[in-house]
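Chain and residue survey
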Amino acid sequence: MAARWALAGRQEELSRIRTVMGRAEIPGLVVTGPAGVGKTRLVAEALARAPAAKFCTWRVTATRAAAAMPLAALNHLLPERDPATDVRTDLLRRTARELAARGGSRRVVVAVDDAHLLDEASAALVHHLMTTSPVFVLATLRAGEPAPDAIARLNRDQGAEELALTPLSTDEVDEAVRLALGGPVSGSVVHRLTALSGGNPLLLTELVDTALAEGRLTRSTGLWCLSGLWVSANTLPELVRDRLSRLHPDVYAAVELLALGEPLGAADVEAMVPAAVVAAAEREGLLVASPDGRRQQVRLVHPLYEEALRAAITPLRARAIYRQLADTVEATGARRRGDVLRLALWRLDGGQAADPELLMRAAREDGALFDHDTAERLARAAEAAGGGLPARLLRVDALRWLGRAGEADEVLREVDIGSADAGQRCRLAAVRASNLYFGLNRTDDAERVIAEAREQIWSRSVHSGPELSSELDVLEAEFLFNAGRVGDAVDLSARVLSRSQVDTRVYVDAAAIATISRAFSGRSDYALAAVERALELLREAEGEVSFGAEQRLQLCRCLAHLHAGRLELAGRLAHEGYREALDLHAQVPQGQWAMALGELALAGGRVATARRWLQEAAALIEARSPTLGRYGIAYALTFLAEAAALAGDLDTVETALTRADALMPDGARLCTTQRGRVWAAAARGELSTARRLALHSADALAPVRAYQHEATACHDVVRLGAAELVVARLERLTREFEGPIASIYTRHAAALAAGDGPALTEVANAFSGVGADLLAAEAAAQASHAHRRAGSKASAAATAERSHELANRCEGAHTPALALAGEPSPLTPREREIATLASHGLSNRDIAETLVVSERTVHNHLHRAFAKLGITTRRQLRSSMS
């Protein structure tokens, strides 16, 4: 397929051009910017959107070839000429006069693309048109390029305005690529494209079109993702190819080192590259140095050079470079963060033997970053180098994450545990049980392995049994949570956290499962306390526990705030975590944070945004961890189903829920899939079915102590209009629930059951205050309905308008409660204000004095309001506005 590139990210600029073109006192606008930033496309779009009834448009394209002949670029604008009588000043005047005449009553717009390339005569004519005629000149200029004096002065002393076009932001790149490809794009793709293109639309288009044509940019489960590099040796952007081809061989060799090793410390670069060559590369503008603590880090100036050079390096040359990099960094002590991983990989890629301990440390680091392909390779090399059982367990862990659970089980069966100590036996049992449960879906076998291991531990050492079995207890707590037994998971993880001697890694895992299970049970404050203690232990461990552990804890912290209703704080944490995962190219954490962002968008009522994030989450986790990540995939799909139901997309609901059901056991579905079915039934108009499903879900969640989800299910009943069924239950749940959202749920139920319009209005404000716009819109609509039934038309109209305002933020969400607000008011805010004053008996003059406007303005607004409301008298107006 070919991408269809629409103009994206330039709406403000288009609006500015349209406004300036319509102002007679402004003679022109000069659009400036670097090559490829989109000046030509922007001007073409502005001309295409200019109403033909108001503007007569002409286009001029300046070129270097046309500049060799005076006035060649503007020849189609010139009147018929008589070389015997025409002089330059007369020609300028006649051209301006005839152009203006061609427009008639319309304003003539002459667009001059690349005006800096005009010859002097053409430049003089453009200058004359702008300064002495009603013609509007819309010109583009390339920043930094010399231009004829007449053109350079246009925006300095002739009254023309300037519009400096800047590169696209990350969000604008996302919009442009999403529109071009016709679907959501992975955040890592957008992140890399922004870096490679620098926000330059021309380069962005070339990169995407090339990757599409070569099959590297593909769609997976509805999300566009990339495999491999963005460029190949045969498809380098012309600008990059030309730049690299002109380099001196010594400089080229130096930038090859950076392409395979960046960032490198300045001292490392100086040790490998002569000072004169480094200076030459700096003069070429290829290197950039930036502070990193007390050191200077050296990188290539643009990531596109890195991709271009890597694509061109031959395998033998790469081996030699990797050996040189490894020798140099090892000689300086390999003390910087990430040096261990890079050193191990450079040794392997350079074809050299490496110390097994180095390889295992690197495998742990890569596994923590969720690059399990590389982690498995490192662990396999460590095992071959004599790393023993620890190396084998690292390899098994990587195989599990890669979806090769069967192979992992075979490797575990080959382990000789005769010489293993109690701690190693416990670790081995935990790894095998986890693989059986999550990788092979053999839950009974997994539980049997844990039971047998626990029995052996206690039979050998009564005193150290609890400490040794802590890892097994944490794993069992995770099994309980994934089976939907939230309360049991809370109890078991709490016992582990209460023990005096627990390994830091095990404590972190226990804190993570305790946090998420407590959050599901409504105890977010307790959950957050466990996270803080675990993070403190991580800081004390000084890097002994991985980045992945910290990411997991931060994700749990985010979800605890989300479930408590602290959406703004949760949102900040989620965006920070997502950006960090992007920077580290850690796709599984990226997918997990994308899921959190999808949940947050769903909680806020932004259903389209939620769907995009959740599609990304499911696709990323499935791509990197199809078996171990199946619960994560399933959760993403269930939230996607809910978002799709609120948007009225029932086909997506069924597809997502069918896939989710196949990935998780019945118990786990209690907390997830039912809400999608509730809102799908509501979208079909089956309100009784939707209420019954919500109540059934709440009843099932109560025994497992998933109080947060029970309260949410009860609140769904409130949203569906049957508050009287759950008022008492929500009041009881509020006592089990920490965080602001629970009390709002309870107030909402009580206000709706009582038909209390003012109380419902307060509830709407409370929901809006925590960022839950859809819930706020529904409460406002219910308030409007209650006010209407009480005969308070003014309050009904005001709350209905508030409901419509909030609903407009919800990206097309549809729910039964929103319908209670009725159709949006046909009046604009100004018309409503003036009509309200008139309905209170004020004359047009009184209204004009009150609002500081003319009586004519008041008359016109009232005339339009009468027409929209279908009335003819002020008496009817009082009735309509009451």
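A brief report on the enclosed structure follows.

1. Here's the deal with the sheet that holds strand S3 (residues 107-113)
Read from one edge of the open sheet, five strands run S2-S3-S4-S1-S5, paired in parallel fashion. Every interior strand has two partners, whereas the edge strands, strand S2 (55-61) and strand S5 (161-164), have only one. Taken over all neighbouring pairs, the strand axes of this sheet differ in orientation by 15 degrees on average, direction set aside. Along the sheet, helix H2 (residues 39-49) makes contact with strand S1 (28-33), S2, S3, strand S4 (136-142) and S5, crossing S4 at roughly 160 degrees.

2. Overview of the pattern of salt bridges
One pass over the full model with this rule turns up 57 salt bridges. A salt bridge links Arg 395 to Glu 376, with the nearest nitrogen and oxygen atoms 3.3 Å apart. One end of the pair, Arg 395, is in helix H19 (residues 388-401); the other, Glu 376, is in helix H18 (residues 372-384), with 19 residues separating them in the sequence. Judged by its relative accessible area of 15%, Arg 395 is buried. A salt bridge links Glu 536 to Arg 533; the nearest nitrogen and oxygen atoms lie 3.3 Å apart. Taken together, the positions of Glu 536 and Arg 533, both in helix H27 (residues 524-541) and three residues apart, correspond to about one turn of that helix. Within the structure, one salt-bridge network assembled from shared partners comprises Glu 376, Arg 380, Glu 383, Arg 392, Arg 395, Arg 404, Glu 407 and Glu 414.

3. Examining the side chain of Arg 557
When you line up the elements, Arg 557 lands in helix H28 (residues 547-564). With near-sequence residues (within four places) excluded, Arg 557 lies in contact with Leu 528, Val 531, Glu 532, Leu 535 and Leu 573.

4. Details of helix H37 (residues 707-719)
Look at H37: 18 Å from first C-alpha to last across 13 residues, which is about the 18 Å you get at 1.5 Å a residue. Summarising burial for H37: 13 of the 13 residues are buried, a large majority. Gly 721 sits one or two residues past H37 and shows a positive phi near 95 degrees.

5. Section: the state of the cysteines
Counting across every chain of the model gives zero disulfides. Between Cys 558, a cysteine without a disulfide, and Cys 556, which holds the nearest cysteine sulfur, the sulfur-to-sulfur distance is 9.6 Å. A relative accessible area of 0% means that Cys 558 is categorised as buried.

6. Some thoughts on the environment of Arg 425
Along the polypeptide, Arg 425 turns up in helix H21 (residues 422-439). Using a relative accessible area of 21% as the deciding quantity, one classes Arg 425 as partly exposed. Sequence separation between Arg 425 and Leu 71 is 354 residues; the distance between their C-alpha atoms is 88 Å.

7. Overview of the nonpolar core
Counting residues in hydrophobic clusters, the biggest one holds 126 residues, and the most contacted among them are Leu 472, Phe 479, Phe 481, Trp 593, Leu 637, Leu 730 and Phe 767. Of the residues forming this core, the biggest block, 13 residues, is contributed by helix H32 (residues 630-646). Leu 247, Val 251, Ala 326 and Leu 345 belong to the second largest nonpolar core, which has 72 residues in total.

Calculation rules
Residue positions are counted from 1 within each chain, in the order its sequence is given. Confidence filtering applies because this is a predicted model: local features only for residues at pLDDT of at least 70, side-chain atom pairs given and counted only at 80 or more, and all residues used for totals across whole chains, interfaces and linings. The basis for every side-chain value is the complete set of heavy atoms in the structure, and neither hydrogens nor water enter the calculation. A pair of strands is labelled paired if DSSP reports no fewer than 2 bridges between them. A helix here means a DSSP run of H or I that spans at least four residues, while a strand means a run of E at least two residues long, and both kinds are numbered starting from the N terminus. To obtain each axis, a line is fitted to C-alpha atoms, and for helices this fit is confined to the stretch in contact; angles are then taken between N-to-C directions over 0 to 180 degrees. Contact criterion: two residues are considered in contact whenever any of their non-hydrogen atoms come within 4.5 Å of each other. By definition, a salt bridge exists where a carboxyl oxygen of Asp or Glu is found within 4 Å of a side-chain nitrogen of Lys or Arg. Categorising residues by exposure relies on relative accessible area from a 1.4 Å probe, with only protein chains included: less than 20% of the type maximum marks a residue as buried, more than 50% marks it as exposed, and the intermediate range marks it as partly exposed. Under the convention used throughout, the expected extent of a helix is 1.5 Å for every residue step, that is, one less than its residue count. Cysteine sulfur atoms are paired as a disulfide whenever they come within 2.5 Å of each other. Residues belong to a common nonpolar core when they are buried Ala, Val, Leu, Ile, Met, Phe, Trp, Tyr or Cys residues joined through side-chain atoms within 4.5 Å.

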